[in-house]
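Close look at the chain arrangement
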Amino acid sequence: MLERIINPMLGLIMPGYGTAARATSPSRIALPGAGRFPQLCMLPVDVEPDELGELHTAGRRVVQLKADGIRALYLAGQIAGRDGAPLDCALHCQPALARLEEAFGTRMVFDGEYVEQDGFNATVAAHRRGEGQGVFWLFDALPYDDWCAGGSKVGTVDRLSELRRHVMAAQSPFVGMLDFWLMDAAQTRAKALELFREGYEGIVTKDAEAGYVRARSRLWRRCKARMRSDLPVIDIMVKEGKLRGLLLRGPGDKPLRIGPGWNADTAARIIDNHAAGRTSIVRIRYELTVGVTRSVRGAVFLGLIGETVS
């Protein structure tokens, strides 16, 4: 189960086990105030591991695991993705989230990540089917009326502490909370590198005293595990004389297609190599999905390293 995979390392808070009846899929998510604010939820900006130390000029920050799934919001008694579309694969989580909302004593918005047991690829497959058995991992919460007004002025630590006090009310294996830590710069970077080595996607660091805003904000920083590899070009895609794409022998010898990111001189050299029977070696940066089956995503072309004779 998912908790067996990540619970030992990350100190996840698991609520009591119970049963949840299947809820009815909504035909449309009601989103009051959706047109007044740029986003339905708070979104982070990306940083590299070496930049983590720059985040701590004001002391400690909240650090949470970045779960590798689909962003999920419980609001108006329903579950939606960050685009407002119904997230039917998470309908089995809805009764437990309603119990949690009742424990708060007011209408709430729960922000989290929906993850299937076998990881990201399984989560995407469940989303496409419209039915799943995964977990809604909570990482924030705010009153519904505050959400409608654009956010909450309550600080991150206070929001998360209140969520942690109430999370057991969900009484379900389908709802859990990602624990959080207060860390300085050195601890944050060490935690990120530790999680990268263990195969996790990354972390999100948050200003400990900042409120929640429905926008992309530098108050939240996401640091993801990114790898670099030098890979051979298997084939090229050319249209109207221009290099449109490369087919690489990716990690695990799986074919990997990558789009443009090269200049005209580099493109011409790759085309010439292909015509002359030489294999171009290119450097890329990429991420690996988390789960039983892992696949490359977010591949970016960094440069042409050289060529070999085929």
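In this report, we go over the structure that sits alongside the text. Keep in mind the model is a prediction, meaning the values are calculated, not measured. (Residues numbered from 1 in each chain as written. Predicted model: local features only at pLDDT ≥ 70, side-chain atom pairs only at ≥ 80, totals over all residues. Heavy atoms only, no water.)

1. Considering the sheet that holds strand β2 (residues 61-65)
Pairing is mixed across the open sheet formed by 5 strands, whose spatial order is β1-β12-β10-β2-β9. Each edge of the open sheet carries a strand with a single partner, namely β1 (43-46) and β9 (180-183). Strand after strand, the sheet turns through a mean of 35° between neighbouring axes, direction not considered. Pairing geometry for β2 and β9, over 4 bridges, is antiparallel. Considered in β9, the bridge of Gln64 is made with Phe180. (Pairing = 2+ DSSP bridges. Helix = DSSP H or I, 4+ residues; strand = E, 2+ residues; numbered from the N terminus. Axes fitted to C-alpha atoms, helices over the stretch in contact; angles between N-to-C directions.)

2. Let's talk about unusual backbone geometry
Non-glycine residue Ala76 carries a positive phi angle of around 55°. For Ala76, the position within the fold is in the loop between β3 (70-75) and β4 (78-80). In this structure, Glu240 is a non-glycine residue whose phi angle is positive, near 55°.

3. Quick notes on the pairing of strand β6 (residues 135-143)
With 8 of its 9 residues buried, β6 lies for the most part within the structure. Of the strand pairs in this sheet, strand β5 (residues 108-115) and β6 are connected by 8 bridges, and their pairing is antiparallel. The partner of Asp111 across the bridge, within β6, is Asp140. With 3 bridges connecting them, β6 and strand β8 (residues 175-177) associate as parallel partners. Note on β8: the bridge partner recorded for Phe136 is Val175. (Buried < 20%, exposed > 50% of the residue type's maximum accessible area, 1.4 Å probe, protein only.)

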